[in-house]
Amino acid sequence: MTSIHAIPAHFDDSASGWERALYAFVAEKERRSGSKRTVQSYSRMLQEFFGRLGKPPDRVTSQDVFAYAHGVGRSGRAPSAVTVSARAACISSFYRFLIRMGAVTSNPCDALERPKVSPALARGLSAEQVRQLLVVIPETPAGLRDRAIILTLVLTGRRRSEVLNLTAGDITIDSETVYYVYRGKGGKRGRRELPRPAYDAIERSLAAFGKDIAGMGPDESLWRAVGADSGITDGTAYLRFRRYLKDAGLPPSGLHVLRHSAAKLRRDAGESVETVSAFLDHSSLAVTTTYLRRLEGQEDRGWAAIAEAIGAA
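The structure presented is a predicted model; accordingly, all values stated were derived computationally and were not measured.

Q: Can you explain the overall build of the protein chain? Please cite residues and give values.
A: A count of helical and extended segments in the protein chain gives 13 helices and 3 strands. In the protein chain, the proportion of contacts linking residues at least 24 apart, taken out of those at least 6 apart, comes to 56%. Total accessible area on the protein chain is roughly 17100 Å²; 51% of this is exposed by carbon and sulfur atoms.

Q: Please give an account of the pattern of salt bridges that cites residues and values.
A: Inspection of the entire model under this criterion finds 15 salt bridges. Ionic pairing is found between R131 and E128, a salt bridge with its closest N-O pair at 2.8 Å. Of this pair, R131 and E128 are both found in helix α5 (residues 127–135), 3 residues apart, which corresponds to roughly one turn of the helix. Of the charged contacts, one joins D234 and R160 as a salt bridge, the two residues approaching to 3.6 Å between their closest N and O atoms. Of this pair, D234 sits in helix α9 (residues 234–247) while R160 sits in helix α7 (residues 160–164); the two residues are 74 residues apart in sequence, bridging distant segments of the chain. Grouping residues by exposure puts D234 and R160 together as buried. Ionic contacts of the salt-bridge type, sharing partners, join the residues R145, D146 and R240 into one network.

Q: Quick rundown of the sheet that holds strand β3 (residues 189–193)? Include the residues and the values.
A: The pairing of strands in a sheet happens through backbone hydrogen bonds and is either parallel or antiparallel. Strand order in the open sheet formed by 3 strands is β1-β2-β3, with antiparallel pairing between adjacent strands. Each edge of the open sheet carries a strand with a single partner, namely β1 (171–174) and β3. Ignoring which end each strand starts from, the neighbouring axes of this sheet average 25° apart.

Q: Describe helix α8 (residues 196–208), naming the residues involved and giving the relevant values.
A: Over its 13 residues, α8 runs 18 Å from end to end, which matches the ideal 18 Å to within 8%, given 1.5 Å per residue. Turning to α8, its buried residues are A198, Y199, A201, I202, S205 and L206. When α8 is viewed along its axis, its buried side chains cluster within an angular range of 160° and face the same direction. Turning to α8, the residues buried within the fold contact α6 (141–156), β1 and β2 (177–183). Backbone geometry just after α8 places G210 at a positive phi near 75°.

Q: Any chance you could break down empty space enclosed by the protein for me, citing the residues and the numbers?
A: On inspection of all chains with the given rule, the structure shows 2 cavities of 30 Å³ or more. Put simply, the largest cavity is a space of about 70 Å³. As for the largest cavity, its lining consists of D146, I149, I150, I232, A237, R240, F241, Y244 and L255. When contributions to the lining of the largest cavity are tallied by element, the ones reaching two or more residues are α6 and α9.

Q: Describe the packing of aromatic side chains, and please don't skip the residues or the numbers.
A: Inspection of the entire model under this criterion finds 8 aromatic pairs. For the pair F49 and F50, a centre-to-centre distance of 4.9 Å together with 70° between the ring planes defines the contact as edge-to-face. Residues F49 and F50 agree in their burial class; the two are buried. An aromatic cluster is built from F25, Y42, F49, F50, Y68, F94, Y95 and F97, whose rings are joined through pairwise contacts. It is R158 that lies over the ring of Y182; its NZ or CZ is 3.9 Å from the centre.

Q: Please provide a residue-by-residue account of the state of the cysteines, values included.
A: A complete count under the given rule lists 0 disulfides for this structure. The cysteine C90 is free of any disulfide, with C109 supplying the nearest cysteine sulfur at 9.0 Å. On the basis of relative accessible area, C109 is assigned to the buried category, the value being 2%.

Q: An account of the nonpolar core is requested, with residue identities and associated values reported.
A: Grouped together as the largest cluster of nonpolar side chains are 39 residues, with contacts concentrated most on I150, L222, W223 and L258. Mapped onto this core, the elements with two or more residues apiece are α5, α6, α7, β2, α8, α9 and α10 (257–268). Of the residues forming this core, the biggest block, 6 residues, is contributed by α6. Counting residues in each nonpolar core, the second largest holds 23 residues, with F25, V39, Y68 and Y95 among its members.

Q: How would you sum up the environment of I213? Please name residues and give values.
A: Its location among the elements puts I213 in the loop between α8 and α9. Among the residues examined, I213 registers a relative accessible area of 15% and is labelled buried. Counting along the chain gives 44 residues from I213 to G169, while the straight-line C-alpha distance between them is 8.4 Å. Once residues within four sequence positions are removed from consideration, I213 is found in contact with A168, I171, Y199, I202, L206 and L222.

Q: Outline the packing of helix α2 (residues 36–53) against helix α4 (residues 81–100), supporting the account with residue identities and numerical values.
A: Between α2 and α4, the shortest axis-to-axis distance is 10 Å and the interhelical angle comes to 85°. Classed by the angle they form, the pair α2 and α4 counts as roughly perpendicular. For the pair formed by α2 and α4, the contact residues are Y42, M45, L46, F49 and F50 on the first element and A86, R87, A89, C90, I91, S93, F94 and Y95 on the second. Residues belonging to the contact of α2 with α4 are distributed by class as follows: 11 nonpolar, 1 polar and 1 charged.

Rules used in this analysis
Residues numbered from 1 in each chain as written. Predicted model: local features only at pLDDT ≥ 70, side-chain atom pairs only at ≥ 80, totals over all residues. Heavy atoms only, no water. Helix = DSSP H or I, 4+ residues; strand = E, 2+ residues; numbered from the N terminus. Contact = heavy atoms within 4.5 Å. Areas by Shrake-Rupley, 256 points an atom, 1.4 Å probe, with all protein chains shown as cover. Salt bridge = Lys/Arg side-chain N within 4 Å of Asp/Glu carboxyl O. Buried < 20%, exposed > 50% of the residue type's maximum accessible area, 1.4 Å probe, protein only. Pairing = 2+ DSSP bridges. Axes fitted to C-alpha atoms, helices over the stretch in contact; angles between N-to-C directions. Expected span 1.5 Å × (residues − 1). Arc of directions from axis to C-beta. 1 Å grid on protein atoms, 1.4 Å probe; cavity = no way out; pocket = protein on both sides within 12 Å on 5 of 7 lines; lining within 4 Å. Points joined across faces, edges and corners; volume = space filled by probe spheres on them. Phe/Tyr/Trp six-rings, centres within 6.5 Å; stacked < 30°, edge-to-face > 60°. Lys NZ or Arg CZ within 6 Å of the ring centre and 35° of its normal. Disulfide = S-S within 2.5 Å. Core = buried A, V, L, I, M, F, W, Y, C linked by side-chain atoms within 4.5 Å. Parallel < 35°, antiparallel > 145°, perpendicular 65-115°, else oblique. Nonpolar A, V, L, I, M, F, W, Y, C, P; charged D, E, K, R; others polar.

In structure tokens form, the structure reads like this:
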């Protein structure tokens, strides 16, 4: 058996069984998560781990995983608890896949104690901050496209990949109501109303590039410029969004903050937790409750009485 050195784009007769298993794992991860950034991160960590180790998966020990998870990275600094957890989770996920496939019988990560990681405080933009953001986006073709993407993310609450992967064929109009089809996390598909401001922004963006939805092929990206082979990439969208945040005087963040914003704005508008949960496609109300608690903060209703009792009111 050979060790895993890389994830090939395609296989020939020289590819080992472990390389094929790794490729199958990554392909499944992309299908289930819908996030290319997650897949790229997992691919990088697995290649790094097995490339350094020089062992096939069935000979890896818990000590091997521990050494990698806690090992010093390229920065020369000890990894944070978040990085240690991410490395261990990636390798553990691969081994759970191998066990399901009958390739190995045990997971070397089971013996590891994961460091406790305090979840970062989720952030959501207020309505005023969203307005600030929209004001700084230029009226250029690329700016109109970016505005359409941002409005779609805020008004639908969908994940970044679900919006960036939208095609002309995903949009339909039924009795003047616009709908979109999305491919969500875990391969879930859904059909939702597309808020009219988002649709109008998409039409305006396409017109700036000399296109309209009716004349586009069903597989054409909604964010595709004339002459481009594909739509805007995750990386480009991220960098442009960061620049807009800076121009608007807002804290740096990734595009996922707009999903947080969508939930926050719905709650601010008086929607129930149940409604927000359905809106976000969460698996349970418990997930939504935790999500919103992190966004809204935990209100302390007891401090006033304590302050009065100690004479600090």
